[in-house]
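Spelled out, the chains give:
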Protein chains: 2
Amino acid sequence: MTEAPDATLRAGGYRITAQRQLVLQAVVDLRHATPEQILSHVHRQAPGVNLSTVYRVLTVLEDVGLVRHAHISTGSPTYHATEEAPHIHLVCRDCARVQSVPTSIAAALVTEIDEGTGFLADIGHAAIHGRCRECRSTTKPGAEGSD
Amino acid sequence: MTEAPDATLRAGGYRITAQRQLVLQAVVDLRHATPEQILSHVHRQAPGVNLSTVYRVLTVLEDVGLVRHAHISTGSPTYHATEEAPHIHLVCRDCARVQSVPTSIAAALVTEIDEGTGFLADIGHAAIHGRCRECRSTTKPGAEGSD
DNA sequence: GTATATGCAAAGGGTTTGCACGGTT
DNA sequence: AACCGTGCAAACCCTTTGCATATAC
């Protein structure tokens, strides 16, 4: 599962293209990247690639399970490779920085939700907003804001 | 705090207008409403109101703390009144329905995140995605999808 | 050789903004 | 009367789509 992306694509009935390899590599390299950021990264090696291709490739990569996306704010979603350990995104509303914590930290919550409602939570999908340690101690309420 | 929205607006330096009262009422009535849905609701009483006004009013209402928004999917955010008990939104990726659970269920998680990273999580802000009880038992993977 | 993937450009949905008018204070 | 808020329309993202060409198989 943490191997041979090409085989994974083929298994899904998709062809191997330079764009797909480049976009996947960009997602792996960047972590938490938006489509726009992914395009920039890809452009360093292949300036001809189009944004619409990035969108289409991301759909494909997500379909075969090589990447996942999370909604970090009102803007574009961010993508990360599934080869990374599952994690929850913590987004600071003041400085907009993103940090990660393992999803295992929420295991009890997921279980409790399941038992209470029958809902199987995919905790890594959405980001959790709040204020990071630095902004809590430094900045006063009402700074820039990521949202 | 669960009182006199007009006073809250004034305290924030804002004027009282019919639009602001209508939009707030719509948010209270609808729960989990998008700007578009709020507009429809408002239009029943005041057909002249404009979408841009809804957006501006929501910003104001959020600024003074009368409403909050959460990102439920890739689409528009949904707004709810702060007079409601704080809750976490559970969004089913198959049937797109939204259910709520009290934020208290995540108290341990919030504490753990705080202790581990110093991050103060605002757990109610983002929706948690997953699959609801019905869709887990009925539908097979790959239904309509809300995302 | 054939079906799929890409680039390009245009369209589409959601949100924001400039401006003149109207309403609140 | 002064200033803030609204309606309207245009502008602006971000994302999707139609079509002809290029590419993987």
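Note that the structure is predicted; figures quoted are calculated from it, not measured. Residues take numbers from 1 onward in each chain, read along the sequence in its written order. The lettering of chains begins at A and the numbering of ligands begins at 1, in the order of writing. Residue-level local features of this predicted model are given only where pLDDT is at least 70; pairs of side-chain atoms are given and counted only at 80 or more, and the full residue set underlies all totals for whole chains, interfaces and linings. Side-chain figures throughout are based on the complete set of non-hydrogen atoms in the structure, without hydrogens or water.

## Some details on the protein's contact with DNA strand D
At step 1: Taken together, 22 residues surround DNA strand D, and among them A:Tyr55, B:Thr17, B:Gln19, B:Arg20 and B:Thr53 come closest.
At step 2: Think of it this way: one heavy atom of a residue within 4 Å of a molecule or strand is enough to make that residue near it. Within 4 Å of the protein, the atoms of DNA strand D are drawn from sugar and phosphate moieties in a proportion of 70%.
At step 3: At 3.0 Å from a phosphate oxygen of DNA strand D is found a main-chain nitrogen or oxygen belonging to A:Ile16.
At step 4: A 3.5 Å cut-off defines polar contacts: any pair of N or O atoms within that distance qualifies, except that in protein one atom must be a possible hydrogen donor and the other a possible acceptor, and neighbouring residues in sequence count only when both atoms are side-chain atoms. Side-chain polar atom of B:Thr17 to a phosphate oxygen of DNA strand D: 2.9 Å apart, as the coordinates give it.
At step 5: The numbering of helices and of strands both runs from the N terminus, where a helix is a DSSP run of H or I of at least 4 residues and a strand a run of E of at least 2. Breaking the surface near DNA strand D down by element, the ones donating at least two residues are helix H4 (51-63) of chain A together with helix H2 (18-30) and helix H4 (51-63) of chain B.
At step 6: Of the residues that constitute the surface near DNA strand D, the class distribution is eight nonpolar, eight polar and six charged. For this scheme, ten residues count as nonpolar: Ala, Val, Leu, Ile, Met, Phe, Trp, Tyr, Cys and Pro. Four count as charged, namely Asp, Glu, Lys and Arg, and the remainder, Gly too, count as polar.

## As for the interface of chain B and chain A
At step 1: Tallying the contact residues gives 35 residues for chain B and 35 residues for chain A.
At step 2: Values labelled buried area give the accessible surface lost by two parts on being combined, using a 1.4 Å probe and summing over both. Roughly 2,900 Å² of surface becomes buried between chain B and chain A when both sides are summed, with 63% attributable to carbon and sulfur atoms.
At step 3: What makes a salt bridge here is a side-chain nitrogen of Lys or Arg within 4 Å of a carboxyl oxygen of Asp or Glu, nothing more. Remark: the boundary between chain B and chain A carries two salt bridges.
At step 4: Between B:Asp114 and A:Arg136 there is a salt bridge, with the nearest N and O atoms lying 3.1 Å from each other.
At step 5: Broken down by secondary-structure element, the contributors of at least two residues to the side of chain B that touches chain A are strand E3 (87-92), strand E4 (98-102), helix H5 (107-117), strand E5 (120-122), strand E6 (128-131) and helix H6 (133-137) of chain B.
At step 6: Along the lines of polarity and charge, the residues of the side of chain B that touches chain A split into 16 nonpolar, eleven polar and eight charged.
At step 7: As paired elements, strand E6 (residues 128-131) of chain A and E5(B) share three bridges and run antiparallel to each other. Bridging from a neighbouring strand, A:His129 pairs with B:Asp122 of E5(B). The criterion used for residue contact is that any of the two residues' heavy atoms lie within 4.5 Å. Whether two strands pair depends on DSSP finding at least two bridges between them.

## Description of the domain arrangement of chain A
Residues and elements named next belong to chain A.
At step 1: Domain borders in the structure are assigned automatically or taken from a domain database. When its domains are assigned, chain A resolves into domain 1 (1-84) and domain 2 (85-139).
At step 2: The centre of domain 1, based on its C-alpha atoms, is set 23 Å off from the matching centre of domain 2.
At step 3: Listed as interface residues are ten residues of domain 1 and, on the opposing side, 13 residues of domain 2.
At step 4: Carbon and sulfur atoms make up 55% of the surface buried where domain 1 meets domain 2, a total of about 870 Å² over both sides.
At step 5: Sorting the residues of domain 1 by area buried against domain 2 places His32, Ile72 and Glu84 first, and these three jointly supply 52% of that buried surface.
At step 6: At the surface where domain 1 touches domain 2, the tally comes to one salt bridge.
At step 7: The shortest N-O distance in the salt bridge between aspartate 122 and arginine 68 comes to 2.8 Å.

## Brief notes about the sheet that holds strand E5 (residues 120-122) of chain A
At step 1: Spatial ordering of the open sheet is given by E5(A)-E6(B)-E3(B)-E4(B), a layout of four strands whose pairing is mixed. The sheet terminates laterally at E5 of chain A together with E4 of chain B, the two strands that pair on one side only. Pairwise comparison of adjacent strand axes, ignoring direction, gives a mean angle of 40 degrees for this sheet.
At step 2: Summarising the sheet, E3(B) and E4(B) pair through five bridges and their orientation is antiparallel. Its bridge partner being in E4(B), B:Leu90 is matched across the sheet by B:Gln99. Note on definitions: angles span 0 to 180 degrees between N-to-C directions of axes, and those axes are lines fitted to C-alpha atoms, for helices only across the stretch in contact.

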